[in-house]
Amino acid sequence: MSESLVVSGGLLAGQIDSGPLDLRVADGVVAEIGPMGSLVDKGQVLEATDALVLPGFVDIQVHFRTPGGEESEDISSGAAGAALGGVTACVMMPNTVPTIDNPDLVNEVLAIGRTTPCDVYTSAAITQAREGQQLVDFDALYEAGVRVFTDDGTVVDDANLMEQALIASSRLPGSVISQHAEHSEMVDGGIINEGAVSARLGLKGRPREAEAVIVERDLRLAAATNGRYHVLHMSTSLATELVRLAKSSGVKVTSEVTPQHLILTEEDVERLGTSGKMNPPLRTTPDVEALRVGLFDGTIDAIATDHAPHSPESKDVSLSAAPPGMLGVETVASVIWTEFVETGLMTLDRFVALLSTEPARIAGLTSQGQHLKTGAVANIAIFDPQERWVPERGSLQSKSANNPWQGKDLIGRVRHTICRGKLVVADSVLV
Ligand SMILES: [Zn+2]
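Residues numbered from 1 in each chain as written. Predicted model: local features only at pLDDT ≥ 70, side-chain atom pairs only at ≥ 80, totals over all residues. Heavy atoms only, no water.

Some details on the overall build of the protein
Here's step 1: Broken down by element type, the protein carries 14 helices and 19 strands.
Here's step 2: Over its C-alpha trace the protein gives a radius of gyration of 21 Å, about what one expects of a compact globule, namely 22 Å for 431 residues.
Here's step 3: Taken along the three principal axes of its C-alpha coordinates, the protein extends 65 × 45 × 40 Å.
Here's step 4: Placing the 33 positive and 57 negative side-chain charges of the protein at their respective mean positions leaves the two points 2 Å apart. (Helix = DSSP H or I, 4+ residues; strand = E, 2+ residues; numbered from the N terminus. Rg over C-alpha atoms; globule rule 2.2 N^0.38 Å. Lys, Arg positive; Asp, Glu negative; His and termini not counted. Charge placed at Lys NZ, Arg CZ, Asp CG, Glu CD.)

In structure tokens:
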């Protein structure tokens, strides 16, 4: 009994009407649930009064930079920030150096990811070295545990290769082909969104249509092959409408959006400087509005951060020279809560679906995003919806500081995190 954890007095997702409850964790799973106070003598008590007890969050797009970019982030520093954000599973993108495109490298990353305070999984590339020339060995990578395939950072330009990848996904159950949808020639040399701000700053833009032409092509290929397709970090009204239509006609498509594309626009780039630069870029107010509609009507399935650390030295340059990307994994739940749930725009159920259940389903993570019932794997975020805090430079776990949310007043914070039954964050501090 002594190894048990008792989360005491919180409101459980899906059981809010029952009032405050105790939940005991033992041997990696939810062992029992009882009335508040009934289990407190059965293990280490984690105070959850006035807090929500939720399935751990799942971030299916992070860049933890291992191997090759460890000066910006590594799996340990990334996972530490994730755990503080209540994230119990992350899926890494394969645009590392070298590229994660073979089972040996997958096994190395997964071995590290089993030792960190958040489960770290990895996707693998679609083409070898992400060069867009030769497909990877999908079967061998699938055998090694990979379910998400993507050349993220770059698009798969070649329609024939994309078609072959989708055919592979159609015969490998639970696998998905994810696309960074920006037509490479259309965005070549582009720095920020093509529009009023790029014109004012005299910068080459990345047109919104560059996303739509790739999504439209890929949806046709997905329909023709019966493959599973996922749009990474969708950013425009154009792509949102295409995905909505494809879903209604039965194409196996899912999509995700980042907090930054839901909240910030191209107008924020001047204020944020290089921390406001990412690909696809921050767009326009009508795009933000369309993405929000997509979020509420189910066109968009999940929120993912595209957590993309870059060392301060590499970002401390001009907008043109800086690499694209922003941090997000440690703040995602608080940012979404503040912007959407606190304001009454989003229900708690939709919050849980977008941050946990649906991303887990998309990435095939069967032990994540589960309803908190007896026997479920204990991946749990205990979230205080009232706590106010401000993320400051230097106070977060990432090795990098390219954070658009720095200085923002946030409402709601993760109090405790339990990953696979183990207490990894207590009172908002890493254990
Ligand atoms: Zn990307």
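Moving on from the coordinates now.
With respect to the environment of Ser314
Here's step 1: Structurally, Ser314 is set in helix α12 (residues 312-315).
Here's step 2: The spacing of Ser314 and Leu264 is 50 residues in sequence and 22 Å in space, taken between C-alpha atoms.
Here's step 3: Setting aside its immediate chain neighbours within four residues, Ser314 contacts Ala322 and Pro323.
Here's step 4: In terms of polar contacts, Ser314 uses its side chain to reach the backbone carbonyl oxygen of Ser311, at 2.9 Å. (Contact = heavy atoms within 4.5 Å. Polar contact = N/O pair within 3.5 Å; in protein donor to acceptor, adjacent residues only side chain to side chain.)

Some details on the pattern of salt bridges
Here's step 1: Taken as a whole and assessed by the stated rule, the structure comprises 21 salt bridges.
Here's step 2: Among the ionic pairs, Arg208 bridges to Asp287, the shortest N-O distance being 2.8 Å. Of this pair, Arg208 sits in the loop between β12 (205-206) and α7 (209-225) while Asp287 sits in helix α11 (residues 285-297); the two residues are 79 residues apart in sequence, bridging distant segments of the chain.
Here's step 3: Residue Asp287 is classed as buried on the basis of its relative accessible area, which comes to 0%. (Salt bridge = Lys/Arg side-chain N within 4 Å of Asp/Glu carboxyl O. Buried < 20%, exposed > 50% of the residue type's maximum accessible area, 1.4 Å probe, protein only.)

Thoughts on the packing of helix α4 (residues 159-171) against α7
Two packed helices can be described by the angle between their axes and the distance between those axes.
Here's step 1: Direction vectors running N to C along α4 and α7 enclose 40°, while the axes themselves pass 9 Å from each other. Between α4 and α7, the crossing angle belongs to the class labelled oblique. At the point where α4 passes α7, the crossing takes the right-handed sense. When α4 is examined against α7, the residues Ala159, Met162, Glu163, Leu166, Ile167 and Ser170 are found in contact with a partner set consisting of Arg217, Asp218, Leu221, Ala222 and Thr225.
Here's step 2: Taken together, the residues that form the contact of α4 with α7 break down as six nonpolar, two polar and three charged. (Axes fitted to C-alpha atoms, helices over the stretch in contact; angles between N-to-C directions. Parallel < 35°, antiparallel > 145°, perpendicular 65-115°, else oblique. Left-handed = near helix turned anticlockwise from the far one by under 90°. Nonpolar A, V, L, I, M, F, W, Y, C, P; charged D, E, K, R; others polar.)

Examining the side chain of Ser275
Here's step 1: Tracing the sequence through the fold places Ser275 in the loop between α10 (269-272) and α11.
Here's step 2: When its relative accessible area of 13% is taken as the criterion, Ser275 is described as buried.

Quick word on unusual backbone geometry
Here's step 1: For the bond from Val97 to Pro98, the omega torsion is 5°, close enough to zero to count as cis.
Here's step 2: Here Pro98 lies in the loop between β7 (87-92) and α2 (103-113).
Here's step 3: For the bond running from Asn279 to Pro280, omega is -10°, close enough to zero to count as cis.
Here's step 4: Relative to the helices and strands, Pro280 resides in the loop between α10 and α11.
Here's step 5: A positive phi angle is found at Asp27, which is not glycine, with a value near 55°.
Here's step 6: For Asp27, the location among the structural elements is in the loop between β2 (21-26) and β3 (29-35).
Here's step 7: On the accessibility criterion, Asp27 (77% relative accessible area) is exposed.
Here's step 8: The backbone of Asn226 sits at a positive phi, close to 65°, despite the residue not being glycine.

Some thoughts on the packing of α7 against helix α8 (residues 237-248)
Here's step 1: For the pair α7 and α8, the least separation of the axes is 8 Å and the interaxial angle reads 15°. When the axes of α7 and α8 are compared, the pair comes out roughly parallel. As α7 packs across α8, the resulting crossing turns out to be right-handed. Contacts from Glu209, Glu211, Ala212, Val215, Glu216 and Leu219 of α7 reach α8 at Leu238, Ala239, Leu242, Val243 and Ala246.

Looking at a negative patch on the surface
Here's step 1: On the surface, Asp157, Asp158, Glu185 and Asp188 cluster together into a negatively charged patch.
Here's step 2: Considering the arrangement of structural elements, one finds Glu185 in helix α5 (residues 184-187). (Patch = residues over 30% accessible without salt bridge, like charges linked within 9 Å, V, L, I, M, F, W, Y side chains within 5 Å. Areas by Shrake-Rupley, 256 points an atom, 1.4 Å probe, with all protein chains shown as cover.)

Re the packing of aromatic side chains
For any two aromatic rings, the description comes down to two numbers: the centre-to-centre distance and the angle of the planes.
Here's step 1: Tallied over the full model, the rule gives six aromatic pairs.
Here's step 2: The interplanar angle of 70° and the centroid separation of 5.0 Å between the aromatic rings of Phe138 and Phe149 together place this pair among those described as edge-to-face. Remark: Phe149 occurs in strand β9 (residues 148-150) and Phe138 occurs in helix α3 (residues 138-143); sequence separation between them is 11 residues. Take Phe138 and Phe149: they sit in the same class, and that class is buried.
Here's step 3: Ring centres 6.2 Å apart and planes at 70° place the aromatic pair Phe296 and Phe340 in the edge-to-face group. Of this pair, Phe296 sits in helix α11 while Phe340 sits in helix α13 (residues 332-341), and the two are 44 residues apart along the sequence.
Here's step 4: Ring pairing ties together the aromatic residues Phe57, Trp337, Phe351 and Phe383, which thus form one cluster. (Phe/Tyr/Trp six-rings, centres within 6.5 Å; stacked < 30°, edge-to-face > 60°.)

Overview of the domain arrangement of the protein
Frequently, the measure chosen for interface size is the accessible area that the parts lose on association.
Here's step 1: We note that the domain assignment places domain 1 (5-53 + 375-430) and domain 2 (56-362) within the protein.
Here's step 2: Centre-to-centre, using C-alpha coordinates, domain 1 lies 26 Å away from domain 2.
Here's step 3: At the junction of the two partners, domain 1 supplies 38 residues and domain 2 supplies 46 residues.
Here's step 4: Interface of domain 1 and domain 2: buried area, both sides summed, is about 3,200 Å²; carbon and sulfur atoms make up 63% of it. (Domains from an automatic or database assignment. Buried area = accessible area lost by both parts, 1.4 Å probe.)

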